[in-house]
Amino acid sequence: MSARRATHAGSWYTDSGAELSRQLDRWLGAADLSHGPARAIIAPHAGYTYCGACAAFAYRQVSPVVVKRIFILGPSHHVRLRGCALSVAKKYRTPLYDLKIDAQINSELEKTGKFSWMDMKTDEDEHSIEMHLPYIAKVMEDYKDQFTIVPILVGSLNPEQEAQYGSLLSSYLMDPTNLFVISSDFCHWGHRFSYTYYDSSCGAIHKSIEKLDKQGMDIIESLNPHSFTEYLRKYNNTICGRHPIGVMLGAVKALQDQGYDKMSFKFLKYAQSSQCQDIEDSSVSYASGSLVFEM
């Protein structure tokens, strides 16, 4: 049985199940349930020392009693991918317990002809999906044998492809027993990221970064894929999960086009890895939010 190893455990987060469980409990306990039950969440994928507390605000909105299947859309950091790819693994290991992959959904998605398969090396090298697995395992632990996951690696899609994949996934998003996890960090600022946009009217650099991120977050809350594309074109903000976010917005748009418009997205937490003061500094931003379907 092919199992994907927890390759980033012991470096990006602890490989001790007991310690990990306590950490996640503490972070979830410090977050409020204010915009749930979530049908989709956006949450960061950096090392837990940087973004673990921020991610909890998204995961706190999940109602585990309802969820039977979790789609995890993560951006590809290491391989050039023109579309989206599915995992060949049967399960994903975590320090808490193993998560089972939904073979039936993988087969349905493969039949569309729009998905390729990532090999195990690509899967294990990538952190954008793995960093969500301990949180998923923790939130779902009382129902650990009653849900499956559908990991999807998202490549460098153009806006038309984002709309196409969104449309393709929209029927799954409509199903209240499904949860979508959208993996994204926000602005990667500094020379090491080749991105130093600075609006000096904001004062300190970190304030400029925050203003830029919040502008993008406001547009995501408006659920308008076209506005999000325009924002990215204008500022080139280094939001690494912009394509998974684009796919989510595409799915929402597809449902709106079918007449379903009772959806609202809200960001609940924003953080930066450090506060940039001068041009030699660098930071990564994190944001957690939740999409709710109103009945």
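Scoring rules and cut-offs
- Residues numbered from 1 in each chain as written.
- Predicted model: local features only at pLDDT ≥ 70, side-chain atom pairs only at ≥ 80, totals over all residues.
- Heavy atoms only, no water.
- UniProt positions renumbered as here; feature names shortened; annotations may be inferred.
- Phe/Tyr/Trp six-rings, centres within 6.5 Å; stacked < 30°, edge-to-face > 60°.
- Helix = DSSP H or I, 4+ residues; strand = E, 2+ residues; numbered from the N terminus.
- Buried < 20%, exposed > 50% of the residue type's maximum accessible area, 1.4 Å probe, protein only.
- Lys NZ or Arg CZ within 6 Å of the ring centre and 35° of its normal.
- Contact = heavy atoms within 4.5 Å.
- Polar contact = N/O pair within 3.5 Å; in protein donor to acceptor, adjacent residues only side chain to side chain.
- Pairing = 2+ DSSP bridges.
- Salt bridge = Lys/Arg side-chain N within 4 Å of Asp/Glu carboxyl O.

If you look the protein chain up in an unreviewed UniProt entry, it shows as Protein MEMO1 from Drosophila melanogaster. Taken verbatim from the UniProt record of the protein chain, the Sequence similarities (unreviewed entry) comment is "Belongs to the MEMO1 family."

Caption draft 1: A look at the packing of aromatic side chains. One pass over the structure, following the stated rule, counts 13 aromatic pairs. Here the aromatic rings of Trp27 and Tyr48 are separated by 6.0 Å at their centres, their planes lie at 85°, and the arrangement is edge-to-face. Taken together, the residues span a long stretch of sequence, with Trp27 in helix α1 (residues 17–29) and Tyr48 in helix α2 (residues 48–59) at a distance of 21 residues. Relative accessible area serves as the criterion here: at 14%, Trp27 is assigned to the buried category. Overall, Tyr48 belongs to the buried group, its relative accessible area being 4%. Residues Tyr197 and Tyr235 carry aromatic rings whose centres are separated by 5.5 Å and whose planes lie at 75° to one another, so their mutual orientation is edge-to-face. Of this pair, Tyr197 sits in the loop between β10 (188–189) and α7 (205–221) while Tyr235 sits in helix α8 (residues 225–235), and the two are 38 residues apart along the sequence. We classify Tyr197 as partly exposed; its relative accessible area is 31%. Members of the aromatic cluster, each reached through a chain of ring pairs, are Tyr13, Trp27, Tyr48, Tyr59 and Tyr135. Here Arg4 stacks its cationic end above the ring of Tyr92, 5.4 Å away from the centre of that ring. Cation over ring: Arg39 sits above Phe293, and NZ or CZ is 4.0 Å from the ring centre.

Caption draft 2: View of the environment of Asp32. As for its placement among the helices and strands, Asp32 is situated in the loop between α1 and β2 (40–43). Counting along the chain gives 183 residues from Asp32 to Gln215, while the straight-line C-alpha distance between them is 23 Å. For Asp32, the residues in contact, after removing those within four places along its chain, are Phe57, Arg60 and Gln61.

Caption draft 3: Fine view of the side chain of Asn106. Within the secondary structure layout, Asn106 lies in helix α3 (residues 103–111). Here the side chain of Asn106 touches Ser87 through a polar contact of 3.5 Å, landing on its backbone oxygen. When residues no more than four places from it in sequence are discounted, the contact partners of Asn106 are Leu86, Ser87, Ile101, Trp117 and Val150.

Caption draft 4: Here's a closer look at the pairing of strand β12 (residues 283–293). For β12, the tally of buried residues reaches 11 of 11 residues, placing the bulk of the element in the interior. Here three bridges tie β2 to β12, and the two strands are oriented antiparallel to one another. Following the sheet pairing, Ala40 is matched in β12 by Leu291. Pairing between strand β11 (residues 263–272) and β12: nine bridges, direction antiparallel. The residue of β12 that forms the bridge with Ser264 is Val292.

Caption draft 5: Representation of the pattern of salt bridges within the structure. Inspection of every chain in the model, using the stated rule, returns 13 salt bridges. Here Glu124 and Arg5 are joined by a salt bridge, their closest N and O atoms 2.6 Å apart. Highlighted residues: Glu124 in helix α4 (residues 120–125) and Arg5 in the loop between β1 (3–4) and α1, separated in sequence by 119 residues. Exposure remark for Glu124: the relative accessible area of 11% places this residue in the buried category. Across the pair Glu230 and Arg233 runs a salt bridge whose closest N-O atoms are separated by 2.9 Å. Here Glu230 and its partner Arg233 are both found in helix α8, three residues apart, which amounts to about one turn of the helix. Residue Glu230 is classed as partly exposed on the basis of its relative accessible area of 34%. Here the salt bridges share partners, and the residues they tie into one network are Arg4, Asp123 and Glu130.

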